[in-house]
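Observations on chain architecture
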Amino acid sequence: MSGLCNHALHGTGLAGSPASPVHRLDPRAKVVGFLGLTLVAVTTPLDGWPVFVACAFVLAAVAATARIGPRTIWRRVRFVLPLVLFVALFLPFVRGGDQIDLGPVSLSAAGLAAFAAVSAKALLGTTSAVLLGATTTFPATLRALESLRVPRLLVLIAGFVYRYLHVVVDEVHRMRAALTARGYQPRTALGAAAIGRVATALFLRTHARGERVYLAMLSRGYRGSVPALDTLRFGATDVVFVAAVAVSLLPLRLLLAVP
Amino acid sequence: MTCVIDAADLRFRYPDGREALRGVNLAVDHGERVAVLGPNGAGKTTFVYHLNGLLRGQGRLEVAGLEVEDGTVRELRPRVGLVFQDPDDQLFMPTVREDVAFGPLNMGERPSAVEARVDETLRMVRMEHAAERPPHQLSMGERRRVAIATVLAMRPQLLVLDEPTANLDPRARRELLEVLTTIERTMLVVTHDLPFAAQLCERAVILSQGRIAADGACTAVLADGDLLAAHDLELPAGFDPRLVTAAAA
């Protein structure tokens, strides 16, 4: 069943050397560290390039320690980055100030600078998330979020998404195989109607599964909340990691805040 | 001591009018392993859902020492270990460990005690190596055994298995049989895998059109070709149930 390819979910999960100090950190330390770095990056003023560079250095050091190559990072970043950058794309066209004439269009110099800074922020944030995902399993991240007091319901929903994404993707593959096996090759827009029917069937199956999962939860005493099994241990290395990230970024960031 | 399951004239009708149970009478004693056989649509799963109060019919039903009614379902559910047909329905947590811990934690056990219980239960089903893995990385046979562990962790009085051999290859099926024979618990095994029933259970009942149509020693029920044929059941060619000795309960 699970043998039937998980193409869509390739390129997720752990990468690098699983025995590295970064992989072995308590997931809470990593969530706090990477989230902190992202917050520092996004709250820095647009001309705060020293902070962006410092963030990049920290990320590079973490990636090197975890033995995650730039190729792996780029392969994952490129899925998220275009979505993040889409908004920033219009900045050079709509900002005022000095204009750079390029024939039919003109660009704003301030807009270009803003675009560069926003891109840097987006890249830093995305890379942080990618490194968290490459050094921490998804269940461990969920456990960390839970013990960091993220509402349990949200964590539970994220857990279900993770658990059943694979089931649903397998189901989609089987349905597509069934279509192809009977010679389905849409040539016109009308031919796409079959896709609609597949989507409907998928929705109904998923809905029915949801009902069965709920019955299974009830059978094991579910009463509206899921108590946690706390297996996390926050140790000295975790403190060191968070402190190192904070020490290398906070002074610079605070210095910039004072005009 | 009372029976583990005591059903008297149990009836159930689905909202669409289909009558799934038409007066089921069944008594199962402590320590018995009973196979519930029957063709598709005979009401097997409907009956199973009654045992822990997921569905409620008319008639009298007592399970694990409790009358099944509104006030008792909370207490009842940990006593009845219900293993669903599709392990993907049963294993809904991100890792095997969290899934096995789900039931005991809901029962209010302390987390430290639960951890020990999770390890012990996973050993019972020979899956102790998979505690940290997400269920979708396991084979069908492994998922099935983990699903059994998730209910065994609640230390139920009664273990109910709905089509436990569905989608299993021969080896996974044999491993499941080996695990189940070592578990000392009253068991109700719903299946149309007749050889599996013969190997695991000493007693068999046939549920057909919402009623118990036969009840007796598993080998005797399975050896009665006319009885099986009358209820759309068939043994695989060449299989002789008299040559099988059920695992000692």
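All values derive from a computational prediction rather than experimental measurement.

Residues and elements named next belong to chain B. Pairing geometry for strand β1 (residues 5-13) and strand β2 (residues 19-28), over 7 bridges, is antiparallel. Paired with Arg13 across the bridge in β2 is Glu19. Following β1, the chain reverses through 5 residues before pairing antiparallel with β2; Gly17 in that reversal takes a positive phi of roughly 95°.

Residue and element names in this part refer to chain B. Strand order in this open sheet of 4 strands is β2-β1-β4-β5, and the pairing throughout is antiparallel. If you trace the sheet from one side to the other, it starts and ends with β2 and β5 (66-67), each paired once. With 2 bridges connecting them, strand β4 (residues 58-63) and β5 associate as antiparallel partners. When the bridges of β5 are listed, Glu62 appears paired with Glu67.

For helix α2 (residues 27-43) of chain A, built from 17 residues, the straight-helix expectation of 24 Å at 1.5 Å per residue is met to within 8% by its first-to-last C-alpha distance of 24 Å. Those residues of α2 of chain A that fall on the buried side of the exposure criterion are Pro27, Arg28, Ala29, Lys30, Val31, Gly33, Phe34, Leu37, Val40 and Ala41 of chain A.

Turning our eyes to something else, we now look at the nonpolar core. Counting 78 residues, the largest nonpolar core has Val160, Val189, Ala197 and Ala204 of chain B as its most contacted members. Looking at which element gives the most residues to this core, the answer is helix α6 (residues 140-152) of chain B, with 6 residues. Not counting the four nearest positions on each side in its chain, Ala197 of chain B is found in contact with Ala35, Leu37, Val189, Thr191, Ala204 and Cys218 of chain B. If you look at the next biggest cluster of nonpolar residues, it comprises 32 residues, including Val22, Ala29, Val31 and Ala54 of chain A.

Looking now at the packing of helix α3 (residues 49-65) of chain A against helix α6 (residues 109-135) of chain A. Each packed pair of helices is defined by two parameters, the angle between the axes and the distance between the axes. Residue and element names in this part refer to chain A. Direction vectors running N to C along α3 and α6 enclose 20°, while the axes themselves pass 11 Å from each other. As summarised for this structure, α3 and α6 are arranged roughly parallel, according to the angle between their axes. The chirality of how α3 crosses α6 is left-handed. Contacts from Phe52, Cys55, Ala56, Leu59, Val62 and Ala63 in α3 reach Ala120, Leu124, Thr127, Ser128 and Leu131 in α6. Each residue belonging to the contact of α3 with α6 can be placed in one class, and the counts come to 9 nonpolar, 2 polar and no charged.

Moving on to the domain arrangement of chain A. It is common to give the size of an interface as the accessible area lost on bringing the parts into contact. Residue and element names in this part refer to chain A. Splitting chain A by domain gives domain 1 (11-147 + 232-257) and domain 2 (152-219). Taking only C-alpha atoms, the centre of domain 1 and the centre of domain 2 are 33 Å apart. Counting residues at the interface gives 4 residues for domain 1 and 5 residues for domain 2. In terms of residue class, the side of domain 1 that touches domain 2 is made up of 3 nonpolar, no polar and 1 charged.

Looking now at the sheet that holds strand β3 (residues 33-37) of chain B. Residues and elements named next belong to chain B. In spatial order, the strands read β6-β7-β8-β3-β9-β10; together these 6 strands make up an open sheet with mixed pairing. If you trace the sheet from one side to the other, it starts and ends with β6 (80-83) and β10 (211-217), each paired once. Strand-to-strand twist in this sheet, taken as the mean axis angle between neighbours without regard to direction, amounts to 15°. Strands β6 and β7 (158-162) of the sheet are contacted by α6, whose axis makes an angle of about 160° with β6.

As a further point, take unusual backbone geometry. All names here are of chain B. Positive phi values are uncommon outside glycine, yet Ala64 reaches one of about 50°. As for its position among the elements, Ala64 is in the loop between β4 and β5. Notably, Arg155 is not glycine yet its phi reads approximately 50°, a positive angle. Tracing the sequence through the fold places Arg155 in the loop between α6 and β7.

Taken together, the contact pairs 30 residues of chain B with 27 residues of chain A. Listed by contribution, the elements that provide at least two residues to the side of chain B that touches chain A are α3 (87-90), α4 (96-106), α5 (111-124) and α6 of chain B. Top element by residues in the side of chain B that touches chain A is α4 of chain B. It accounts for 6 residues. The residue inventory of the side of chain B that touches chain A, partitioned by class, reads 18 nonpolar, 7 polar and 5 charged.

Reading the values: rules and limits
- Numbers given for residues are sequential positions, taken from 1 along each chain in its written order.
- Note on labels: chains are lettered from A, ligands numbered from 1, in written order.
- Only residues with pLDDT of at least 70 get local features here, since the model is predicted, and only at 80 or more are side-chain atom pairs given and counted; chain-wide, interface and lining totals rely on the full set of residues.
- The pairing criterion is simple: DSSP has to find at least two bridges between the two strands.
- A helix here means a DSSP run of H or I that spans at least four residues, while a strand means a run of E at least two residues long, and both kinds are numbered starting from the N terminus.
- Helix span, expected: 1.5 Å multiplied by one less than the number of residues in the helix.
- Exposure criterion: with C-beta atoms placed from backbone coordinates, a residue whose C-beta has 20 or more other C-beta atoms within 10 Å is buried, one with 12 or fewer is exposed, and one in between is partly exposed.
- A set of buried residues drawn from Ala, Val, Leu, Ile, Met, Phe, Trp, Tyr and Cys, joined through C-beta atoms within 7 Å, is what defines a nonpolar core.
- Here, residues touch in the contact sense if the C-beta positions derived from the backbone fall within 7 Å of one another.
- Think of each axis as a best-fit line through the C-alpha atoms, taken over the contacting stretch in the case of a helix, with angles from 0 to 180 degrees between the N-to-C directions.
- If an angle is under 35 degrees, it is roughly parallel; if it is over 145, roughly antiparallel; if it lies from 65 to 115, roughly perpendicular; otherwise it is oblique.
- With the far helix as reference, a near helix turned anticlockwise by less than a right angle produces a left-handed crossing, and one turned clockwise produces a right-handed crossing.
- For this classification, Asp, Glu, Lys and Arg are treated as charged, while Ala, Val, Leu, Ile, Met, Phe, Trp, Tyr, Cys and Pro are nonpolar and the rest, including Gly, are polar.
- Each domain's extent was defined by an automatic or database domain assignment.

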